[in-house]
Each structure stands twice: as C-alpha cells, then as structure tokens.
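Examining the three-dimensional arrangement
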Amino acid sequence: MNLETLREATRRQMPDKRWKHTLGVVETSVKLAERFGGDAAKAELAALLHDYAKAWPIDRQAMVIRERGLPPELLDFDKELWHAHVGAWAVREEHGIDDEEVLDAIRYHTSGRERMTLTDKIVCLADYIEPGRDFPGVNKIRRLAEHSLEEGLVAGFDSTISLLVEKGKRIFPLTVIARNGLIDELKKRGQSELQGG
Ligand code: DGI
Ligand code: FE
Ligand code: FE
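Criteria and thresholds
Residues numbered from 1 in each chain as written. Chains lettered and ligands numbered in written order. Predicted model: local features only at pLDDT ≥ 70, side-chain atom pairs only at ≥ 80, totals over all residues. Heavy atoms only, no water. Donors = N, O, S within 2.8 Å, 3.2 Å for Na, K, Ca; no water. Helix = DSSP H or I, 4+ residues; strand = E, 2+ residues; numbered from the N terminus. Buried < 20%, exposed > 50% of the residue type's maximum accessible area, 1.4 Å probe, protein only. Expected span 1.5 Å × (residues − 1). Arc of directions from axis to C-beta. Contact = heavy atoms within 4.5 Å. Core = buried A, V, L, I, M, F, W, Y, C linked by side-chain atoms within 4.5 Å. Salt bridge = Lys/Arg side-chain N within 4 Å of Asp/Glu carboxyl O.

Details of the coordination of the iron ion (ligand 3)
Of the protein atoms, only His21 (NE2), His50 (NE2), Asp51 (OD) and Asp127 (OD) coordinate the iron ion (ligand 3), at distances of 2.2 to 2.3 Å. Between the two metals, the iron ion (ligand 3) and the iron ion (ligand 2), the spacing is 3.5 Å, and aspartate 51 donates to both. In this pair, aspartate 51 is assigned in the loop between helix H3 (40-49) and helix H4 (58-67) and aspartate 127 in helix H7 (residues 118-129), connecting sequence segments 76 residues apart. Taken individually, aspartate 51 and aspartate 127 each receive the classification buried, so the pair is uniform in this respect.

Structural data, given as structure tokens:
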C-alpha cells in the first residue's frame with residue numbers, strides 16, 4: 001500500500017471541499033497524536049480515510065450496508081452515520097487496509113463507541129476541531145482539546161446530541177454509550193488524582 005496512491009484514490013472519492021476537510025483532519029490528528037502520546041502513523045492513515053465514503057450516493061451506501069453484512073440497524077438511524085461503516089468496509093475492499101485499529105477509527109469516527117481507543121479518540125476529536133470547522137461551540141471544544149481528548153470529545157458529542165434533539169432526530173445509542181464511557185474515564189482519572197495516583 002502506497003500512501004500517495006491512497007491519497008489520490010481518496011481525493012477522487014470526494015469534492016474539493018471535503019478533501020480540504022480531510023487534510024485538516026489529517027493535520028489535526030497528527031498534532032493530537034503528538035500531544036497525547038498516540039500512534040501518529042495510524043492516526044494519520046485513519047484520518048486520511050475517515051470520510052472515504054462520505055460523498056458516495058446514499059443508495060450505494062445503503063446497498064453496501066444491506067449486502068455486505070454491516071450492522072442493519074444503521075438503516076434506522078440518520079444517513080450521516082452510514083459513511084463511517086461503509087468507508088471502513090470500502091478501504092479494506094478497495095485498498096487492502098487490514099489494520100483493525102485504523103479500520104475501527106474510521107468505522108466509529110462519527111458515532112464513537114464504548115471504550116474508545118486512543119486512535120478512535122484522536123480521529124473523532126480531530127474531525128470536530130480541524131481548522132476548517134466552524135459551528136457554535138467549536139472554540140470551546142478546541143480549548144478543551146488542548147489538555148484532554150476526553151473532555152473535548154464529551155463537549156463534541158454534547159453539541160451533536162443537542163443538535164439532533166433540536167431537529168427531533170433519533171440518536172444512535174452508541175453515541176450515548178460513548179459519551180457515558182468518556183465521562184466514566186474522566187471520573188476515574190479524577191479520583192485517582194485525588195488519591196495521589
Ligand atoms: O462526516 P463529517 O461531516 O466530517 O462528520 P461526522 O462523520 O462526525 O458526521 C457528523 C454528522 O452525523 C452530524 O451532522 C450529526 C450526524 N449524526 C446523526 N446521528 C448521529 C450523528 N452523529 C452522532 N455522533 N451520533 C448520532 O446518533
Ligand atoms: Fe465523517
Ligand atoms: Fe469528517
């Protein structure tokens with residue numbers, strides 16, 4: 001697998017604006033990996049590929065979910081969730097990506113999941129705060145990301161959940177589970193710090 005070929009193939013999947021966002025997520029993921037002791041090479045690869053299927057026609061995404069054994073319950077939730085799972089499937093299928101840590105970070109970059117890995121957290125948070133992002137609350141998330149992946153992510157999921165509630169949309173349960181997990185991690189860390197550990 002050649003990184004330059006992969007970059008060109010990824011670029012071809014999407015319009016320029018999405019490609020610019022992708023480059024922003026790559027740059028931010030590498031910074032976060034350095035800041036928090038993550039694997040920068042894995043974070044960079046997952047970031048490059050995270051929105052691989054985002055611009056695919058929605059019927060094609062639905063077909064992959066139905067016919068390639070992806071979780072069928074995705075079809076009952078917002079279509080915006082689909083591209084993450086479809087993207088992980090596509091980069092394995094089309095480019096032989098087989099690093100499960102990278103594939104998981106792609107697969108769960110939108111919803112999050114229980115017990116997120118360091119790479120999951122880096123890519124998911126970078127997706128919220130890359131330089132091109134502009135939404136209410138993004139600067140608060142950027143500030144939190146200076147010192148904590150988990151605090152940044154909780155604020156990110158809070159903003160997404162609020163938006164979904166406002167729009168009367170359903171919430172994918174894994175996002176609630178992810179947020180609970182991050183809050184538990186922060187609580188445990190706070191307790192061990194109090195005990196001097
Ligand atoms: O693909 P991007 O636009 O870069 O960002 P993303 O993959 O984080 O997609 C975010 C969109 O997904 C956002 O508009 C909200 C939507 N979404 C719909 N239902 C859910 C959801 N996001 C989460 N985390 N959880 C949901 O249940
Ligand atoms: Fe995405
Ligand atoms: Fe993205």
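Still to come is the rest of the account.
Remarks on helix H10 (residues 173-194)
Because the α-helix completes a turn every 3.6 residues, residues three or four places apart line up on one side. The end-to-end C-alpha distance of H10 is 32 Å, a good match for the 32 Å that 22 residues give at a rise of 1.5 Å each. Considered for burial, the residues of H10 that qualify are Thr175, Ala178 and Leu182. Angularly, the buried residues of H10 cover 60° about the axis, an arc narrow enough to put them on a single face. Relative to its buried face, H10 has exposed residues pointing more than 90 degrees away, namely Lys187, Lys188 and Leu194. Of the surrounding elements, those touching the buried residues of H10 are H7 and helix H9 (149-166). Glycine 196 occupies a position one or two residues after H10 and carries a positive phi of about 75°.

Remarks on the environment of leucine 186
By the element assignment, leucine 186 lies in helix H10. Using a relative accessible area of 23% as the deciding quantity, one classes leucine 186 as partly exposed. For the pair leucine 186 and valine 154, spaced 32 residues apart in the sequence, the C-alpha separation amounts to 10.0 Å. Those residues within four positions of leucine 186 in sequence are excluded, and the remaining contacts are Ser148, Glu150, Glu151 and Val154.

So, the nonpolar core
The biggest cluster of nonpolar side chains holds 53 residues, and the ones touching the most others in it are Leu49, Trp56 and Leu125. When residues of this core are assigned to their parent elements, the largest contribution, 7 residues, is made by H7. Aside from chain neighbours lying at most four places away, what touches leucine 49 is Leu6, Thr10, Val91, Ile97 and Ile106.

Remarks on the pattern of salt bridges
Scanning all chains against the criterion turns up 19 salt bridges. In this structure, glutamate 94 and arginine 60 form a salt bridge, with 3.9 Å as the shortest nitrogen-oxygen distance. Residue glutamate 94 is located in helix H5 (residues 82-95), and its partner arginine 60 is located in helix H4; the two are separated by 34 residues in the primary sequence. In this structure arginine 60 comes out as partly exposed when scored by relative accessible area, which is 35%. A salt bridge links arginine 68 to glutamate 93; the shortest N-O distance between them is 3.7 Å. Separated by 25 residues along the polypeptide, arginine 68 in the loop between H4 and H5 and glutamate 93 in helix H5 bring together distant segments of the chain. Given a relative accessible area of 47%, arginine 68 falls into the partly exposed group. Residues participating in the shared-partner salt-bridge network are Asp104, Arg107, Arg113 and Asp120.

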